[in-house]
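Spelled out from the first residue to the last, the chains are:
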Amino acid sequence: MKILVCISNVPDTTSKINFIEGDTQFDRNGIQFIINPNDEFGLTRAIWFQQKQGAEVSVVSVGNASCEPTLRKCLAIGADRAFRVDLEPTDGFQVAQQLQAHCQNENYDLIIAGRESIDYNGSMVPGMLSALLGSSFVTNCVALEITENKAQASREIDGGIETVSCDLPLVIGAQKGLVEEKDLIIPNMRGIMQARQKPLEVIPPTTTETRSEVIHYEKPAPRGEVKLVDANNLDQLIDLLQNEAKVI
Amino acid sequence: MAVLIYAESENNLLKKSAFELASYGRAVADKKECDLIAVVFNLSDPSSLSEYGVNKVISYEDPTLSAFKAHEYGVHLVSTAKEINVDLVVLSSSADAKYLAPILSVALMAGYASNVVALPESYAPLTVKRTCYSNKAFNTTILKNEINIIGLSNNAFGAHKKSTPLSVKSGEISPSSGSLQIEKVEKVTGKVTIADADIVISGGRGLKGPENWHLIEDLADVLGAATACSKPVSDMGWRPHSEHVGQTGKPVATNLYIAVGVSGAIQHLAGINASKVKVVINNDPEAPFFKAADYGVVGDAFEVVPALIEKLKKFQNS
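Note that the structure is predicted; figures quoted are calculated from it, not measured.

## Topic: the overall build of chain B
Each helix and strand in chain B was counted, giving eight helices and 18 strands. Relative to a compact globule of 318 residues, whose C-alpha radius of gyration would be 20 Å, chain B shows 21 Å and is just as compact. Each of the three principal axes of chain B carries a C-alpha extent, and together these read 60 × 45 × 40 Å. Buried residues in chain B amount to 57% of all 318 residues. Once local pairs closer than 6 in sequence are excluded, the contacts in chain B between residues at least 24 apart make up 64%.

## What to know about helix 6 (residues 234-244) of chain A
Inspection of helix 6 of chain A places A:Leu234, A:Leu237 and A:Leu241 among the buried residues, and these make up the whole buried set. The buried residues of helix 6 of chain A all sit within an arc of 50° when viewed along its axis, so they share a single face. The exposed set on the far side of helix 6 of chain A, more than 90 degrees from its buried face, consists of A:Gln242, A:Asn243 and A:Glu244. Buried positions along helix 6 of chain A lie against strand 15 (227-229) of chain A together with strand 16 (256-260), strand 18 (295-298) and helix 8 (301-317) of chain B. Backbone geometry just downstream of helix 6 of chain A places A:Lys246 in the positive-phi region, at approximately 55°.

## A short note on the sheet that holds strand 10 (residues 150-157) of chain A
Spatial ordering of the open sheet is given by 13(A)-7(A)-6(A)-1(A)-8(A)-12(A)-9(A)-10(A)-11(A)-13(B), a layout of 10 strands whose pairing is mixed. Each end of this open sheet is capped by a strand with a single partner; those strands are strand 13 (200-203) of chain A together with strand 13 (181-187) of chain B. Pairwise comparison of adjacent strand axes, ignoring direction, gives a mean angle of 30° for this sheet. Pairing analysis gives eight bridges linking strand 10 of chain A to strand 11 (residues 160-167) of chain A, with the strands arranged antiparallel. If you follow A:Ser154 over to strand 11 of chain A, its bridge partner there is A:Thr163.

## Some remarks on helix 4 (residues 214-223) of chain B
Residues and elements named next belong to chain B. Every buried residue of helix 4 is listed here: Leu 215, Ile 216, Leu 219, Ala 220 and Leu 223. One side of helix 4 holds all its buried residues, which, seen down the axis, span an arc of 130°. Considering only its buried residues, helix 4 is in contact with strand 14 (199-203), strand 15 (226-229), strand 16 and helix 8. Just past helix 4, the residue Gly 224 takes up positive phi, approximately 65°.

## Structural notes on the interface of chain A and chain B
It is common to give the size of an interface as the accessible area lost on bringing the parts into contact. Taken together, the 59 residues of chain A in the interface contact 75 residues of chain B. Only helix 4 (125-133), strand 9 (136-147), strand 10, strand 11, strand 14 (212-218), strand 15 and helix 6 of chain A provide two or more residues apiece to the side of chain A that touches chain B. Among the elements that make up the side of chain A that touches chain B, the one with the highest residue count is strand 11 of chain A (eight residues). For the side of chain A that touches chain B, the class distribution of residues is 29 nonpolar, 16 polar and 14 charged. One ladder, built from six bridges, connects strand 11 of chain A with strand 13 of chain B; its direction is antiparallel. Within strand 13 of chain B, the position partnered with A:Gly160 by the bridge is B:Lys187.

## Regarding the domain arrangement of chain B
Residue and element names in this part refer to chain B. Once the domains are mapped, chain B shows domain 1 (2-170) and domain 2 (199-317). Contacts between the two partners involve eight residues from domain 1, matched on the other side by nine residues from domain 2. Looking at the side of domain 1 that touches domain 2 residue by residue, the class counts come to one nonpolar, six polar and one charged.

## Considerations on unusual backbone geometry
In this chain, A:Leu168 is followed by A:Pro169 through a cis amide linkage whose omega measures -5°. Tracing the backbone through its elements, the reader meets A:Pro169 in the loop between strand 11 and strand 12 (170-174). B:Pro125 follows B:Ala124 through a cis peptide bond whose omega is 0°. Tracing the backbone through its elements, the reader meets B:Pro125 in the loop between strand 8 (122-123) and strand 9 (126-132). A positive phi angle is found at B:Asn135, which is not glycine, with a value near 70°. Structurally, B:Asn135 can be placed in the loop between strand 9 and strand 10 (137-143). For B:Lys208, which is not glycine, the phi torsion reads 70° and is therefore positive. Within the element layout of this structure, B:Lys208 appears in the loop between strand 14 and helix 4.

Here is what the cut-offs are and how they apply
Residues numbered from 1 in each chain as written. Chains lettered and ligands numbered in written order. Predicted model: local features only at pLDDT ≥ 70, side-chain atom pairs only at ≥ 80, totals over all residues. Helix = DSSP H or I, 4+ residues; strand = E, 2+ residues; numbered from the N terminus. Rg over C-alpha atoms; globule rule 2.2 N^0.38 Å. Buried ≥ 20, exposed ≤ 12 C-beta atoms within 10 Å, placed from the backbone. Contact = placed C-beta atoms within 7 Å. Arc of directions from axis to C-beta. Pairing = 2+ DSSP bridges. Axes fitted to C-alpha atoms, helices over the stretch in contact; angles between N-to-C directions. Nonpolar A, V, L, I, M, F, W, Y, C, P; charged D, E, K, R; others polar. Domains from an automatic or database assignment.

Laid out in structure tokens, this is it:
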């Protein structure tokens, strides 16, 4: 089984977000970059298939050289090889097209991408990639088993869980629940040393189109002071919620 | 030119989001001076959509469409969109709609923006405001294609009544294809889901253990609210992952969010930021949540919550 995990290089979840260049660029100054958490849940499941079912695990990012430390971390976690498509993307469709071009040369059985990145939050790359490849697709995936050429996958729906079966090749939108938080792999020294020897291939981008363009960023307006209500005067809270906030 | 919405239904009833989409679609259709068309699947009575501005319904009814399947529903939405020259599709932010949107985008060669929070700022080019950086920021995005798809954030626009004459037409069923089969669906019945809720009550580590969750559930029952929890609570297995709200969990965009014993880590606050009114109950006055909330009560959850439940019951009976 050949597995590809698509990795997005994103600001750490604790980052404070700022913009520069007249609010048209993200300020990378002082920001730690990490594997997109939804991708990391997917990568961890892929490593499980590698260890239990002998799968070969590749990772890929579409981005400039600044995402290489994150790809090396994926190799240290256990991925066998890494690819970087040498293009700083500006929209999700462009990423999906670049990934499609890579996948067409490699015949992956299973392609995993996070259901969304925590920076752009587009929720589009895995779905678009599946449509471009004509593969099966399950997003918000919280459980995945592969036997022979069949997959059984569960997805989180509003108010429950739906389990489906389908043929491979399959594209998955991964999220929390696909593996437990405690099962995430922290690279050890041996893994980090080995990662240095593993192949990280830089691929030239193909010609792609963009369908959207971000022209401006802004931060939410600052909030007013919290109104404190005395714990012995909860009638006041109910009054505020009813008459001021008008929500009950 | 036309605006198309996918009006979601469940058990033959339209979901709340369908009326919000209709209202949004009507506002856009008025600006563009075009029709607002809703597609429904296996829904016997779509007439209530006319109260929210829909003037045409394409109704697909077939046993193969009884449960949502992204591929099959997508095929029918695409054929409607092409047949009536739709140039804008508006979808909700439900799990199903987010599943569907990227597939539609490829099939229609459409631009797509998710998490849109307001009416378009302009129509030529189509320019929308959406959330990014997990609700820590907004961006303004231009959609550049001839057909575009907007994914509307829950509760961002609200449902607004506007009566419109309605015509209903049956759509032609395409044969089912693809290998995907639904094997089972496990659903919690009789509980409000986070996606549908107007009010969400969330519990954190301050509740000390899963055995104390009746406090959250009782408060939720009184208010007809959904229950949620912070990341540590789901990581420790006190509550299921599906209740985890925050940056790596579910986003919450509700009218009222009440956090009990949640300290307010930056990741949690990001996930709930789109909620309109936030209330925090915490015994630590230094908890970061107090800086993000509209109303706060400094006090012991084990005393404040039961007292609040009693007072709310009295308030509702008065």
